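Chain and residue survey
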Amino acid sequence: MSFTATCGEDGRKRIAILGCTGSIGTQALDVCRQHADKLQIVGLTAHSRVAELVAAAREFDVKRVAVTDERRDGDPALQDLPDGCACAFGAQAAVDLAVSDDVDCVLVSIVGAAGLAASAAVLQAGKQLALANKESLVVGGDLLMPMAQPGQLLPVDSEHSAIFQCYLGERANQAHAIWLTCSGGPFYGYSRDQLEKVTVADALAHPTWNMGAKITIDSATLMNKGLERIEACHLFGVDMDFVRVLIQRQSKIHSMVEYEDGSVIAHLGASDMRIPIQYAFSYPDRWSTPAPRVDFRTLGSLDFGEPDTSAFRCLHLAEIAGRTGGTLPCVLNAANEVAVAAFLDGTCSFTDIDRIVESCMDDHDVQPVQSLEQLADIDRWARRRAAEACAARS
């Protein structure tokens, strides 16, 4: 039996957005703004951008917010919260907000491994999970997927939303391959020597998507696509060989599913994250588009290519982690977060990112995934080990 999300007494789906001030969160607010007759925001969280959180709470008259950075307790901006709006602090406060009785659907758009505990709590509480935090499945997919009823966990990543839609009405056991598309980032075609010299500004200049800094760097290294490949394996119950990475420079084909008879179903559309966000809220219905439509008469060509894993070694490392499984993807993800932060801070080079990640993976004794507590311990170990590797290179 498929999961059916509940709604409020007025028929609107009641939404909590974890990470409302980030790129995905702000675009989700816009979707809710455009469909106020169908969606009601009842809870919002942010890490440290309190003023933006307060502004959103006031606009949508939200009754409950959480700030995960406990150092923001006492921030003067919080005095402007709407009357009757409760505010709590800390990571657990975000989880408590997500599982409140008056929440129907939770968008988890927290960056990094921090989203895992929230995602698990949402599924356990029987809420619908709109998942924009790929790290939850990369790190804890072995734990999360058995918890999810059909239709309860809806992917928000543009590629996984596309794959999900390409499967609709089809028999999954008759699929031959998933083609996971990728723009190639700002450095498509670069050699390893060229990558050694790129700057932070170069890496943040993504050709087609407007995203937060961390995911933009992951897109430049192709780690993002490696993480998405692992995520796809969990979401669709397939192995790494089944998921093939394909460069699609214009970012108009968001992914494809190829079937046994040679037919390929592709999901095409604008490069606008509001579309997959909205579909996660509206599923199984489709609402009026929140984004400009693509005029295929003027689009021109669609270009394809194969990723160069010798130059972009993060994609290769993610493949190793995905094939090995167990706790190795947790190490991959944690070490990558630390290395990307070091690159953004100017304390390591672009190509040091994969070197740091690889050194942590090499030092890890892989174990089967057993619990959230185990993964939290390994995450902490990997971050310490990555920080040491960063320090050795600075």
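For the structure, see preceding data.
So, here is what we can say about the structure in this document. Model, not experiment: these values are computed from the prediction.

1. Describing the overall build of the protein
Looking only at helices and strands, one finds 15 helices and 12 strands in the protein. Taking 394 residues into account, the globule formula puts the C-alpha radius of gyration at 21 Å, and the protein, at 20 Å, falls close to it. In the protein, once contacts between residues fewer than 6 apart in sequence are set aside, the share between residues at least 24 apart is 67%. Taken as a whole, the protein presents about 16500 Å² of accessible surface, with 48% of it coming from carbon and sulfur. Mean positive and mean negative side-chain charge positions of the protein (34 and 52 charges, respectively) differ by 3 Å.

2. Here's the deal with the packing of aromatic side chains
All chains considered together, the criterion is met by 6 aromatic pairs. Their ring planes at 45° and their centres at 5.1 Å tell us that Phe187 and Tyr190 sit as a pair that is tilted. On the basis of relative accessible area, Phe187 is assigned to the buried category, the value being 2%. A centroid spacing of 5.8 Å and a plane angle of 75° characterise the contact between Tyr279 and Tyr283, whose relative ring orientation is edge-to-face. Across the ring face of Trp287, the terminal group of Lys38 is positioned such that the distance to the ring centre comes to 5.4 Å.

3. Brief notes about the packing of helix H12 (residues 313-324) against helix H13 (residues 328-345)
Helix packing for two helices is described by the angle between their axes and how far apart those axes are. Two numbers describe how H12 lies on H13: the axes approach to 8 Å, and their chain directions differ by 150°. For the element pair H12 / H13, the angle class is roughly antiparallel. Here Leu317, Ala318, Ile320, Ala321 and Thr324 of H12 come into contact with H13, specifically with Leu328, Pro329 and Leu332. Of the residues in the contact of H12 with H13, the class split is 7 nonpolar, 1 polar and no charged.

4. Some thoughts on the sheet that holds strand S1 (residues 13-18)
Taken in spatial order, the 7 strands line up as S4-S3-S2-S1-S5-S6-S7 in an open sheet, and their pairing is parallel. The open sheet has two free edges, formed respectively by strand S4 (86-89) and strand S7 (153-155), since each of these has just one partner strand. This sheet shows a mean twist of 20° between the axes of neighbouring strands, independent of strand direction.

The rules behind each value
Residues numbered from 1 in each chain as written. Predicted model: local features only at pLDDT ≥ 70, side-chain atom pairs only at ≥ 80, totals over all residues. Heavy atoms only, no water. Helix = DSSP H or I, 4+ residues; strand = E, 2+ residues; numbered from the N terminus. Rg over C-alpha atoms; globule rule 2.2 N^0.38 Å. Contact = heavy atoms within 4.5 Å. Areas by Shrake-Rupley, 256 points an atom, 1.4 Å probe, with all protein chains shown as cover. Lys, Arg positive; Asp, Glu negative; His and termini not counted. Charge placed at Lys NZ, Arg CZ, Asp CG, Glu CD. Phe/Tyr/Trp six-rings, centres within 6.5 Å; stacked < 30°, edge-to-face > 60°. Buried < 20%, exposed > 50% of the residue type's maximum accessible area, 1.4 Å probe, protein only. Lys NZ or Arg CZ within 6 Å of the ring centre and 35° of its normal. Axes fitted to C-alpha atoms, helices over the stretch in contact; angles between N-to-C directions. Parallel < 35°, antiparallel > 145°, perpendicular 65-115°, else oblique. Nonpolar A, V, L, I, M, F, W, Y, C, P; charged D, E, K, R; others polar. Pairing = 2+ DSSP bridges.

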